[in-house]
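Letter by letter, the chains look like this.
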Amino acid sequence: MSTALQVTVTARQVLALGSRPTAEALQLTHLHIPGSVLRGALAGAWLAELGEPDPVSRGRAVIPAHRRADFTELFEGGVRFGPLLRPGSYITPLSVRRCKYPSAPGCPDVVIDEAFIDPPATRCPECEGVLERGRGEVESVAGLLTEDTRVALTEGETAQDELLYTRRSLRPRDAVGRPVTFTGRLSSARGPLPDWLAEPRRLYLGGRRSTGGGGDYTADSFSTPRTEPVTDRVVLRLASPALLVDAAGRPATRPDEELLSRLLGVSVRCGRAWTRTTSVGGWHAASNLPKPEELAVSAGSVFELGLNGGTAEPEGVAALLAHGLGLRRAEGYGWAELATAPWRPPAEARAERQVPSTGMAADLSATLFDSGQGRWLLKELRRFLAGFEGDRRPPPYLLERPQLERALHDELFRRRLELLLTRVPPEGIQQVIEALEIRVREAAR
């Protein structure tokens, strides 16, 4: 048995990994599989295979009393469920600044991590443009999002009030038809993980499980790389939100220095921090009730821990990473990673951003057309493309046009148009123009 497992989930159906609904009846989806979602799916599989963990059978076989303790230890004990990300996708740390409107050939490669560079930069070294701070959001999932609009009808076949909504989901295959996979880790701070977690099985994740959510789960042993002794400071990046509290149990934006010192075995002082706050909730399936909303520090937050002249041994660093930060760690929160060098996006993500696929061009054109400004955007994109001077990109002036003021309130539209104007090369923009032209012509028939 291992204290860590490398987990892979291969999507077989559409994944509706719902996050908080918006005021516009739009049900968003996570762009990765959070640890809390993986934990819930595994708990559902455990119950389906071994029975209910309480004396009421509800039509299923009641498990022996000694197995109820196994369930509690597995899902409420020392096992921690990390986030699963698609290869090539990533969480941009809040300590990172990138060129907001790339206009020079080298702009897409500008990545400045303030946790390792002092003093921080204020302008892009390639074009002297504005630098944009990372948001701690999952990026590089182009071509995976899909939307379904649902409505309940009255007897007169009109939409019932408050029963019209749109749900976003993740497709099970990418633009070229390959199954989408998500990878991450499970770990334990209390000893070996149960053998049950290493067995392959079918999981059902997120919502809409009657028609979607299916994925194949596999796990392999994972050996945590041994770190070198760390002197002077430790830099931690959050890969999932963390529910941090102070000594009185009140919400906080910095981790508990006393706990960190005990885990690392050296006196710790929390120095610089790059954070933003969010709220986390969820759904408790056993009681069929919502969980309370709690204040949390978002994924992508970065903490610089000064060691007060001491040295953190590899065993202490491993203990800290296995323990995690904050409360409700068994639910996937507080997953931290050690940073030893400035952050860079994965190579697959840089390649994907530079060379859009045919499927990505089709998705971009569909989003532009559905905004209701398809014909106008077709004309403006041709003008934008003509504005290229060699490798120098024109400014993304379309983001300021009043014709798009209403459409830009749609997060998906805004992000995809910004991607097209700031990162997609000319040949990719031409692909989008051609796909958009086909849609405009078909609509005019």
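Each value, and the rule that gives it
- By convention here, each chain's residues receive numbers from 1 onward along its written sequence.
- Thresholds applied to this predicted model are a pLDDT of at least 70 for local features of residues and 80 or more for the giving and counting of side-chain atom pairs; totals over whole chains, interfaces and linings are not thresholded and use all residues.
- Excluding hydrogens and water, the side-chain figures rest on all heavy atoms present in the structure.
- Runs of H or I in DSSP of at least four residues are treated as helices and runs of E of at least two as strands, each being numbered from the N terminus.
- Working definition: with a 1.4 Å probe on protein chains only, accessible area under 20% of the residue-type maximum means buried, over 50% means exposed, and in between means partly exposed.
- We call two residues in contact when some of their heavy atoms are within 4.5 Å.
- Surface accessibility follows the Shrake-Rupley procedure with a 1.4 Å probe radius. Residue values consider only the protein chains on display as shielding.
- This arc describes the spread of directions from the helix axis toward the C-beta atoms.
- Counted as a polar contact is a pair of N or O atoms within 3.5 Å, where, for protein atoms, one must be capable of donating a hydrogen and the other of accepting one, and residues adjacent in sequence contribute only when both atoms are in side chains.
- A pair of strands is labelled paired if DSSP reports no fewer than 2 bridges between them.
- An axis is simply a line fitted to the C-alpha atoms; with a helix, the fit covers only the stretch in contact. Between two such axes, the angle follows the N-to-C directions and lies from 0 to 180 degrees.
- A side-chain nitrogen of Lys or Arg and a carboxyl oxygen of Asp or Glu constitute a salt bridge if their distance falls within 4 Å.
- The rule is short: rings of Phe, Tyr and Trp, with Trp giving its six-membered ring, pair when the centres are within 6.5 Å, and they are stacked under 30 degrees, edge-to-face over 60, tilted in between.
- Two limits define a charge over a ring: the Lys NZ or Arg CZ must be within 6 Å of the ring centre, and within 35 degrees of the ring normal.
- For a helix, the expected span equals 1.5 Å multiplied by the number of residues minus one.
- What pLDDT reports is the predictor's confidence in each residue, on a scale of 0 through 100.
- Grouping buried Ala, Val, Leu, Ile, Met, Phe, Trp, Tyr and Cys residues that are joined through side-chain atoms within 4.5 Å yields what is termed a nonpolar core.
- We call a pair of cysteine sulfur atoms a disulfide whenever their separation is within 2.5 Å.

Trainee: In this structure, what is going on with the overall build of the protein chain? I would like to understand it.
Mentor: The helix and strand tally for the protein chain stands at 8 helices and 22 strands. In the protein chain, which comprises 445 residues, the share counted as buried stands at 47%. Within the protein chain, contacts between residues separated by at least 24 positions form 73% of all contacts whose residues are at least 6 apart in sequence. Approximately 22100 Å² of the protein chain is accessible, and the part contributed by carbon and sulfur atoms is 50%.

Trainee: What is the right way to read helix 3 (residues 257–264) from this model?
Mentor: The α-helix advances 3.6 residues per turn, and as a result positions three or four apart in sequence lie on the same side. The set of residues buried in helix 3 consists of L260, S261, L263 and L264. An end-on view of helix 3 places all buried positions within 165° of arc, on one side of the element. Exposed side of helix 3, more than 90 degrees from the buried face: E258 and R262 are the residues found there. Summarising the contacts, the buried residues of helix 3 are in contact with strand 21 (302–312) and helix 4 (314–323). In this structure D256 caps helix 3, since a side-chain oxygen of it lies 3.0 Å from the backbone nitrogen of E258.

Trainee: What is the right way to read the sheet that holds strand 1 (residues 4–11) from this model?
Mentor: An order of 4-12-1-14-13 is seen for the 5 strands of this open sheet, with the pairing classed as antiparallel. This sheet does not close on itself; its edge strands, each paired only once, are strand 4 (79–81) and strand 13 (201–204). Direction aside, the axes of adjacent strands within the sheet are offset by 30° on average. Bridge analysis of strand 1 against strand 12 (residues 181–188) gives 7 bridges, and the strand direction is antiparallel. Within strand 12, the residue paired with T10 across the bridge is T181. Across the face of the sheet, helix 1 (residues 35–50) comes into contact with strand 4, strand 12, strand 13 and strand 14 (214–221) while running at roughly 120° to strand 13.

Trainee: What is the right way to look at the pattern of salt bridges in this model?
Mentor: Counted according to the given criterion, the structure contains 20 salt bridges. By sharing partners, the salt bridges in this structure join R12, R202 and D216 into a single network.

Trainee: Honestly, the side chain of R237 in this entry has me stumped. Any pointers?
Mentor: By the element assignment, R237 lies in strand 15 (residues 230–238). Within the structure, the side chain of R237 is placed 3.1 Å from the side chain of D113, a separation counted as a polar contact. With near-sequence residues (within four places) excluded, R237 lies in contact with P93, D113, F116, S301, V302, W335, A336, E337, A339, A341, P342 and W343.

Trainee: Where do I start with the packing of aromatic side chains in this structure?
Mentor: The way to describe two aromatic rings as a pair is by their centre distance and the angle between their planes. Taken as a whole and judged by the stated rule, the model has 6 aromatic pairs. A cation over a ring is seen here: R201 above W196, with NZ or CZ 3.9 Å from the ring centre.

Trainee: Sorry, what's going on with helix 8 (residues 426–444) here?
Mentor: An ideal rise of 1.5 Å per residue puts 27 Å on 19 residues; helix 8 measures up with 27 Å between its terminal C-alpha atoms. Turning to helix 8, its buried residues number three or more, namely G428, I429, V432, I433, A435, L436 and V440.

Trainee: Help me understand the confidence of the model for the protein chain in this model?
Mentor: The predicted coordinates of low-pLDDT regions are not to be read in fine detail. On average, residues of the protein chain carry a pLDDT of 83, and 87% of them reach 70 or more. Residue range residues 351–358 is modelled with pLDDT below 50. Its contacts to residues more than four positions away, or to other chains, number 18 contacts.

Trainee: Looking at this structure, how should I read the nonpolar core?
Mentor: Generally speaking, nonpolar side chains in soluble globular proteins are found buried as a group. If you look at the biggest cluster of nonpolar residues, it comprises 40 residues, and the most contacted ones within it are I33, L197 and Y217. Those elements that provide at least two residues to this core are strand 1, helix 1, helix 2 (65–76), strand 4, strand 12 and strand 14. The biggest single contributor to this core is helix 1, with 8 residues. In this view, L197 contacts L5, L42, L74, V79, L186, Y217 and A219; residues no more than four positions away in its chain are not counted. Core analysis: the next-biggest nonpolar cluster, separate from the first, contains 25 residues, F384, F413, V432 and L436 among them.

Trainee: Please clarify how the sheet that holds strand 6 (residues 96–99) should be interpreted in this entry.
Mentor: Two strands in a sheet stick together by hydrogen bonds in their backbones, pointing the same way (parallel) or opposite ways (antiparallel). Read from one edge of the open sheet, 3 strands run 7-6-8, paired in antiparallel fashion. A single partner strand is all that each edge strand has here, and the edge strands are strand 7 (111–113) and strand 8 (131–133). Ignoring which end each strand starts from, the neighbouring axes of this sheet average 30° apart. Bridge count for strand 6 against strand 7 is 3 bridges, and the pairing is antiparallel.

Trainee: Would you mind going over the state of the cysteines with me for this structure?
Mentor: Note: disulfide means a covalent bond formed between the sulfur atoms of two cysteine side chains. Applying the stated rule across the entire model yields 0 disulfides. In this structure C124 is not part of a disulfide, and its nearest cysteine sulfur, from C127, lies 3.8 Å away. By relative accessible area, C124 is classed as buried at 0%.

Trainee: Help me out: how do you make sense of the environment of G18 in this one?
Mentor: For G18, the position within the fold is in strand 2 (residues 18–21). Put simply, G18 and L28 are 10 residues apart on the chain and 5.6 Å apart in space, counted from C-alpha to C-alpha. Setting aside anything within four residues of it in sequence, one finds G18 in contact with Q27, L28, T29 and H30.

Trainee: Would you mind showing me how to read the environment of R201 here?
Mentor: With respect to the secondary-structure elements, R201 resides in strand 13. Taking the C-alpha atoms as reference points, R201 and T218, 17 residues apart in sequence, are found 6.9 Å from one another. For R201, the side chain forms a polar contact with the side chain of E49, separated by 2.9 Å.

Trainee: Quick question: what am I supposed to make of unusual backbone geometry here?
Mentor: What is expected of a backbone is that most residues other than glycine have negative phi and most peptide bonds are trans. Phi angles above zero are rare outside glycine, and E128 is one such case at about 65°. Within the secondary structure, E128 is located in the loop between strand 7 and strand 8. The backbone phi angle of R328 is positive, close to 55°, even though this residue is not glycine. By the element assignment, R328 lies in the loop between helix 4 and strand 22 (336–339).

Trainee: Sorry if this is basic, but what is going on with the side chain of R39 here?
Mentor: Within the secondary structure, R39 is located in helix 1. Looking at R39, its side chain comes within polar contact range of the side chain of E76, at 3.0 Å. Residues in contact with R39, not counting those within four places in the same chain, are F75, E76, F81, K291, A330 and E331.

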